[in-house]
Amino acid sequence: AYFPFSIDPTSILNISFPNFNGLIELETIYLESNSLTGELPSAVADLPLINIYWVKNNDLSGCIPANYISLCGIQSVQMQDNESLPSDGDFTQFC
């Protein structure tokens, strides 16, 4: 399943994540370089088919949710270049 979602960061500031609850067929999330702010949503780790999760190069902060341990085995997780996340979002440090 493909859920197209993109944001023009020049027209909106301080963007937060969309609600992923109920999107049980979602496989891929590409939200890199969108000026996203706030914390990582724990609901992403509950998506049963997710295999690519890219949120690198944003302004995300807080801790990496504990349930993200379930994402350690998926095809690709890219969270780097979020300076306010632990280890600047280097997910390999989490797994």
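Everything numeric in this text was worked out from a predicted model, so none of it was measured. (Residues numbered from 1 in each chain as written. Predicted model: local features only at pLDDT ≥ 70, side-chain atom pairs only at ≥ 80, totals over all residues. Heavy atoms only, no water.)

Things to note about the overall build of the protein
- Scanning the protein from N- to C-terminus turns up one helix and five strands.
- The burial tally for the protein puts 38% of its 95 residues in the buried class.
- A separation of at least 24 residues holds for 42% of the contacts in the protein among residues at least 6 apart in sequence.
- Surface summary for the protein: the accessible area is close to 5400 Å², and the carbon and sulfur share equals 48%. (Helix = DSSP H or I, 4+ residues; strand = E, 2+ residues; numbered from the N terminus. Buried < 20%, exposed > 50% of the residue type's maximum accessible area, 1.4 Å probe, protein only. Contact = heavy atoms within 4.5 Å. Areas by Shrake-Rupley, 256 points an atom, 1.4 Å probe, with all protein chains shown as cover.)

Observations regarding the sheet that holds strand β5 (residues 76-78)
- Strand order in the open sheet formed by three strands is β1-β3-β5, and the pairing between neighbours is parallel. In this open sheet, the two edge strands, each paired with only one partner strand, are β1 (28-30) and β5. When the angles between neighbouring strand axes are averaged without regard to direction, this sheet yields 10°.
- Direction of pairing for strand β3 (residues 52-54) relative to β5: parallel, over a ladder of three bridges. Within the sheet, the bridge partner assigned to Trp-54 lies in β5 and is Gln-78. (Pairing = 2+ DSSP bridges. Axes fitted to C-alpha atoms, helices over the stretch in contact; angles between N-to-C directions.)

Overview of a negative patch on the surface
- Together, Asp-59, Asp-81, Glu-83 and Asp-88 give the surface a local cluster of negative charge.
- Among the secondary structure elements, Asp-59 is positioned in strand β4 (residues 59-60). (Patch = residues over 30% accessible without salt bridge, like charges linked within 9 Å, V, L, I, M, F, W, Y side chains within 5 Å. Salt bridge = Lys/Arg side-chain N within 4 Å of Asp/Glu carboxyl O. Lys, Arg positive; Asp, Glu negative; His and termini not counted. Charge placed at Lys NZ, Arg CZ, Asp CG, Glu CD.)

Notes on the packing of aromatic side chains
- Counted under the stated rule, the structure contains three aromatic pairs.
- Ring centres 5.8 Å apart and planes at 70° place the aromatic pair Tyr-53 and Tyr-68 in the edge-to-face group. Within this pair, whereas Tyr-53 is found in strand β3, its partner Tyr-68 is found in the loop between β4 and β5, the two being separated by 15 residues in sequence.
- On the basis of relative accessible area, Tyr-68 is assigned to the buried category, the value being 0%.
- Positioned over the ring face of Trp-54 is Lys-56, at 4.8 Å from the centre of the ring. (Phe/Tyr/Trp six-rings, centres within 6.5 Å; stacked < 30°, edge-to-face > 60°. Lys NZ or Arg CZ within 6 Å of the ring centre and 35° of its normal.)

Concerning the environment of Asn-67
- On the secondary structure map, Asn-67 appears in the loop between β4 and β5.
- According to the relative accessible area criterion, Asn-67 is partly exposed, its value standing at 26%.
- For the pair Asn-67 and Val-44, spaced 23 residues apart in the sequence, the C-alpha separation amounts to 9.1 Å.
- Separated by 3.0 Å, the side chain of Asn-67 and the backbone oxygen of Ser-42 make a polar contact. (Polar contact = N/O pair within 3.5 Å; in protein donor to acceptor, adjacent residues only side chain to side chain.)

Observations concerning the environment of Asp-88
- Structurally, Asp-88 can be placed in the loop between β5 and α1 (91-94).
- In sequence terms Asp-88 and Lys-56 are 32 residues apart; their C-alpha atoms lie 9.6 Å from each other.
- With residues up to four places along the chain from it excluded, the contact list for Asp-88 reads Met-79, Gln-80, Asp-81, Asn-82 and Glu-83.

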